[in-house]
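Chain by chain, the residues run as shown.
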Amino acid sequence: MIVGVHRWDRPKGGSWLKTRALRLHQPTPFWVEATDAHIAGSGTLRGRPVWRVSFFDPKTPGWFLVAIDRKTYRTLDVRMTAAAHFMHDSYRSFNTSIKIAPPATG
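Values in this document were obtained by computation on a predicted structure and should not be read as measured data.

Rules used in this analysis
Residues numbered from 1 in each chain as written. Predicted model: local features only at pLDDT ≥ 70, side-chain atom pairs only at ≥ 80, totals over all residues. Heavy atoms only, no water. Salt bridge = Lys/Arg side-chain N within 4 Å of Asp/Glu carboxyl O. Buried < 20%, exposed > 50% of the residue type's maximum accessible area, 1.4 Å probe, protein only. Helix = DSSP H or I, 4+ residues; strand = E, 2+ residues; numbered from the N terminus. Contact = heavy atoms within 4.5 Å. Polar contact = N/O pair within 3.5 Å; in protein donor to acceptor, adjacent residues only side chain to side chain. Pairing = 2+ DSSP bridges. Axes fitted to C-alpha atoms, helices over the stretch in contact; angles between N-to-C directions. Lys, Arg positive; Asp, Glu negative; His and termini not counted. 1 Å grid on protein atoms, 1.4 Å probe; cavity = no way out; pocket = protein on both sides within 12 Å on 5 of 7 lines; lining within 4 Å. Points joined across faces, edges and corners; volume = space filled by probe spheres on them. Nonpolar A, V, L, I, M, F, W, Y, C, P; charged D, E, K, R; others polar.

**Remarks on the pattern of salt bridges**
The final tally for this structure, using the stated rule, is four salt bridges. For Arg 7, the salt bridge identified is with Asp 9, shortest N-O distance 2.7 Å. Classification of Arg 7 by relative accessible area gives partly exposed; the value is 36%. Overall, the relative accessible area of 31% leaves Asp 9 in the partly exposed class.

Written as structure tokens, this is what we have:
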């Protein structure tokens, strides 16, 4: 988790470790380039019709599967798989207030 200029990581079975991080400039997608893009199918996500799009980013390098709302074209879900790393991001509650806080370090 990154909040401001701090990053928190938690090793399996361990406590949160706080370190400095470079500031992230948002909103920017996690991918740098998209190659070999395909519509992998369609379906529903949280009751919304979506297209499922897959592509490869050679700069990460990683493979992405993205769910895009067919009505609004908003990205609702992103799954990325790379060597020794994976991420799953879920986008919800557009245009609402959010609270960002670091994890409890107990």
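**Observations concerning the environment of Thr 60**
Structurally, the position occupied by Thr 60 is in the loop between β5 (48-57) and β6 (62-69). On the accessibility criterion, Thr 60 (34% relative accessible area) is partly exposed. Along the primary structure Thr 60 and Thr 81 are separated by 21 residues, whereas in three dimensions their C-alpha atoms are 9.8 Å apart. Once residues within four sequence positions are removed from consideration, Thr 60 is found in contact with Phe 30 and Met 80. Side-chain polar atoms of Thr 60 contact the side chain of Asp 57, separated by 2.6 Å.

**What about the sheet that holds strand β3 (residues 17-20)?**
One open sheet holds the three strands; their spatial order is β1-β2-β3, and the pairing between them is antiparallel. Looking along the sheet, the strands with just one partner apiece sit at the ends: β1 (2-3) and β3. In this sheet, β3 lies alongside strand β2 (residues 6-9) in antiparallel orientation, the contact comprising four bridges. Bridge pairing in β3 places Asp 9 opposite Leu 17.

**Overview of the pairing of β6**
Put simply, side chains in a regular strand alternate between the two faces of the sheet. By the bridge criterion, eight bridges tie β5 to β6 in an arrangement that is antiparallel. Bridge pairing links Trp 51 to Ile 68 in β6. Here β6 pairs with strand β7 (residues 75-82) via six bridges, running antiparallel. Opposite Ala 67, over in β7, you have Asp 77 as the bridge partner.

**Overview of the sheet that holds strand β4 (residues 35-45)**
Overall, antiparallel pairing links the five strands, which are arranged β4-β5-β6-β7-β8 in an open sheet. At either end of the open sheet lies a strand with only one pairing partner, and these are β4 and β8 (85-90). Taking the axes of each pair of neighbouring strands and ignoring which way they run, one obtains an average angle of 15 degrees across the sheet.

**Looking at the side chain of Asp 57**
Within the secondary structure, Asp 57 sits in strand β5. Of the side chains bearing the opposite charge, Lys 59 lies closest to the buried Asp 57, which forms no salt bridge; the N-O distance is 7.4 Å. If we skip the residues at most four places from it in the chain, Asp 57 touches Phe 30, Trp 31, Val 32, Glu 33, Gly 62 and Phe 64.

**Thoughts on the layout of surface pockets**
For the second largest pocket, the calculated volume is near 280 Å³. Forming the boundary of the second largest pocket are Ser 90, Tyr 91, Arg 92, Ser 93, Phe 94, Asn 95, Thr 96, Ile 98, Lys 99 and Ile 100. For the lining of the second largest pocket, the class distribution of residues is four nonpolar, four polar and two charged.

The values are spatial; any link to function lies outside them.
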